[in-house]
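# Structural overview for review
The chain contents come next:
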Amino acid sequence: VFVDINSDEILKEFVIDLDANPNFNPGVFTRGQKISYGGLSTKYFVVSRSFTNDIMIVTVCDDTKHPALYSDDFKINHVNWFDKSVEKFTKDGVWTGKVRVRHGQPLCPCTITSTNDGVVTVSLSSSMRAITISQVAVLYDTEGKAVMAGGEIVEVGESYFERGEELGVNEGWS
């Protein structure tokens, strides 16, 4: 089921026969991805997907710059520290550097804080589009020249839409 985030309207219902398509991967609906599905007259972009009673609900928006696609913080787990001095520092407080979530994406300045359970919170200086759970975040030094650490994204902070905020004119990293 495709559901519009603005109106809660069901845009398209479809059935995937898993017996006939045993290799179907629900991961094909990735946050930020453009949806091209027969019968949809407008371009839509995936905001989220969830499952309820064996029904996959794909929430979509009609604009690639929709506030529902933008967040400015996320958490990573299983962090692999290449620079042990930074690992020690984050246990004691806050570290500042840069982060990249997708290949080819510009580096974004960020602040990193650690919790007692080994989860690291990454707070961005500007919002970023389509941060997705299970992606890998790579942390760089403040100049963006040396890789300091990396880890799997396990939680994405509230989107601007969830917070009731609009994006600024120059806001957002693609």
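Scroll up to find the structure.
A separate point is the pairing of strand S10 (residues 136-140). Bridge analysis of strand S7 (residues 94-100) against S10 gives three bridges, and the strand direction is antiparallel. Considered in S10, the bridge of valine 99 is made with leucine 139. Note that S10 and strand S11 (residues 147-156) share five bridges and pair antiparallel. Within S11, the residue paired with alanine 137 across the bridge is glycine 151.

For the largest pocket, the calculated volume is near 400 Å³. Along the wall of the largest pocket there are 20 residues; nearest its centre are Arg31, Val47, Ser48, Arg49 and Ile131. Residue contributions to the lining of the largest pocket peak at four residues, all from strand S4 (residues 44-52). Each residue belonging to the lining of the largest pocket can be placed in one class, and the counts come to nine nonpolar, seven polar and four charged.

The next subject is the pairing of S4. Bridge analysis of strand S3 (residues 34-35) against S4 gives two bridges, and the strand direction is antiparallel. Within the sheet, the bridge partner assigned to isoleucine 35 lies in S4 and is tyrosine 44. Across seven bridges, the pairing between S4 and strand S5 (residues 55-61) is antiparallel. Bridging from a neighbouring strand, phenylalanine 51 pairs with methionine 56 of S5. Hairpin geometry of S4 and S5 is characterised by an intervening segment of two residues between the two adjacent antiparallel strands and by a positive phi of about 50 degrees at asparagine 53.

Ordered in space as S6-S9-S8-S7-S10-S11, the six strands form a closed barrel in which the pairing is antiparallel. On average, each strand axis in the sheet is inclined to that of its neighbour by 45 degrees, with strand direction left out of account.

Now for the sheet that holds strand S1 (residues 2-4). Spatially, S2-S1-S5-S4-S3 is the arrangement adopted by the five strands of the open sheet, whose pairing is mixed. Strands with a single pairing partner mark the edges of an open sheet, and in this sheet they are strand S2 (10-12) and S3. Pairing between S1 and S2: two bridges, direction antiparallel. Within the sheet, the bridge partner assigned to phenylalanine 2 lies in S2 and is lysine 12.

Time to look at the environment of glutamate 143. Within the element layout of this structure, glutamate 143 appears in the loop between S10 and S11. Overall, glutamate 143 belongs to the exposed group, its relative accessible area being 56%. In the structure, glutamate 143 is positioned 36 residues away from leucine 107 in sequence and 9.6 Å away in space, judged by C-alpha atoms.

Mapped onto the secondary structure, glutamine 135 falls in the loop between strand S9 (120-129) and S10. Residue glutamine 135 is classed as buried on the basis of its relative accessible area, which comes to 17%. Engagement of the side chain of glutamine 135 in a polar contact is seen with the backbone nitrogen of threonine 132, the distance being 2.9 Å. Residues contacting glutamine 135, with those up to four places away along its chain left out, are Val101, Arg102, Ala130, Gly151, Glu152 and Ile153.

Cut-off values and rules
Residues numbered from 1 in each chain as written. Predicted model: local features only at pLDDT ≥ 70, side-chain atom pairs only at ≥ 80, totals over all residues. Heavy atoms only, no water. Pairing = 2+ DSSP bridges. Helix = DSSP H or I, 4+ residues; strand = E, 2+ residues; numbered from the N terminus. 1 Å grid on protein atoms, 1.4 Å probe; cavity = no way out; pocket = protein on both sides within 12 Å on 5 of 7 lines; lining within 4 Å. Points joined across faces, edges and corners; volume = space filled by probe spheres on them. Nonpolar A, V, L, I, M, F, W, Y, C, P; charged D, E, K, R; others polar. Axes fitted to C-alpha atoms, helices over the stretch in contact; angles between N-to-C directions. Buried < 20%, exposed > 50% of the residue type's maximum accessible area, 1.4 Å probe, protein only. Polar contact = N/O pair within 3.5 Å; in protein donor to acceptor, adjacent residues only side chain to side chain. Contact = heavy atoms within 4.5 Å.

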